[in-house]
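# Coordinate inspection notes
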Amino acid sequence: MDLAGMLQTLRNKYKVRIVECEGGPTLFRALLEQDLIDRLNLTIAPYMFGGAKAPTLTSLGKDFLPASVHCSLSDMRTIGDECFLTYRIKHQRRRRN
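We now turn to the structure provided with this report. (Residues numbered from 1 in each chain as written. Predicted model: local features only at pLDDT ≥ 70, side-chain atom pairs only at ≥ 80, totals over all residues. Heavy atoms only, no water.)

Here we take up the overall build of the protein. Broken down by element type, the protein carries two helices and three strands. When the helices and strands of the protein are placed in sequence order, the string is α-α-β-β-β. When its C-alpha atoms are laid out on the principal axes, the protein stretches across 45 × 30 × 25 Å. Within the protein, the fraction of its 97 residues that count as buried is 14%. Once local pairs closer than 6 in sequence are excluded, the contacts in the protein between residues at least 24 apart make up 61%. Accessible surface, the protein as shown: approximately 8,500 Å² in total, 53% of it carbon and sulfur. (Helix = DSSP H or I, 4+ residues; strand = E, 2+ residues; numbered from the N terminus. Buried < 20%, exposed > 50% of the residue type's maximum accessible area, 1.4 Å probe, protein only. Contact = heavy atoms within 4.5 Å. Areas by Shrake-Rupley, 256 points an atom, 1.4 Å probe, with all protein chains shown as cover.)

Here we take up the side chain of arginine 29. Within the secondary structure layout, arginine 29 lies in helix H2 (residues 25-33). Judged by its relative accessible area of 14%, arginine 29 falls in the buried class. Leave out the neighbours within four places in its chain, and arginine 29 touches Thr58, Ser59, Asp63, Phe64, Leu65 and Pro66.

What follows is about the packing of aromatic side chains. Summed over all chains, the structure comprises zero aromatic pairs. Its end group placed over the ring of phenylalanine 84, arginine 77 keeps NZ or CZ at 5.2 Å from the ring centre. (Phe/Tyr/Trp six-rings, centres within 6.5 Å; stacked < 30°, edge-to-face > 60°. Lys NZ or Arg CZ within 6 Å of the ring centre and 35° of its normal.)

Working note: regular strand, side chains alternate between the two faces of the sheet. Bridge count between strand S1 (residues 39-44) and strand S3 (residues 82-90): six bridges; the pairing is antiparallel. Looking across to S3, one finds that leucine 42 is bridged to leucine 85. The sheet contact formed by strand S2 (residues 70-79) and S3 spans nine bridges and is antiparallel. Within the sheet, the bridge partner assigned to isoleucine 79 lies in S3 and is glutamate 82. (Pairing = 2+ DSSP bridges.)

Before going further, it helps to examine the sheet that holds S3. The pairing of strands in a sheet comes from backbone hydrogen bonds and takes either a parallel or an antiparallel form. Taken in spatial order, the three strands of this open sheet run S1-S3-S2, and their pairing is antiparallel. Across the chains shown, the open sheet's two edge strands, defined by having one partner strand only, are S1 and S2. Adjacent strand axes in the sheet meet at a mean angle of 20° when their direction is disregarded. (Axes fitted to C-alpha atoms, helices over the stretch in contact; angles between N-to-C directions.)

Glancing now at the pattern of salt bridges. For the coordinates displayed, the defined rule picks out one salt bridge. Put simply, arginine 29 and glutamate 33 hold a salt bridge, and the shortest N to O gap is 2.9 Å. Taken together, the residues span about one helical turn, with arginine 29 and glutamate 33 both in helix H2 at a distance of four residues. Judged by relative accessible area, glutamate 33 falls into the partly exposed class, the value being 44%. (Salt bridge = Lys/Arg side-chain N within 4 Å of Asp/Glu carboxyl O.)

Printed below as a string of structure tokens:
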């Protein structure tokens, strides 16, 4: 799927300026790899699960991202035992040739 093209169509044809993408690690990783994310909303809850085949934030497998993604915390709040974090994605500057 052409994620960048889809987002461009939403902006140009339908005037959509903000899109919230809720999906699993496959969608999140694809959006990260194409530099299409500005913000990450993360919830930390007091439940633990895991194992060798448990999904991570960016993958269902053991492959690392092609490059590190740096973020800065822009908001944090707690409600009960849960912590809601908002991070801004720090985009890498592209070099001009």
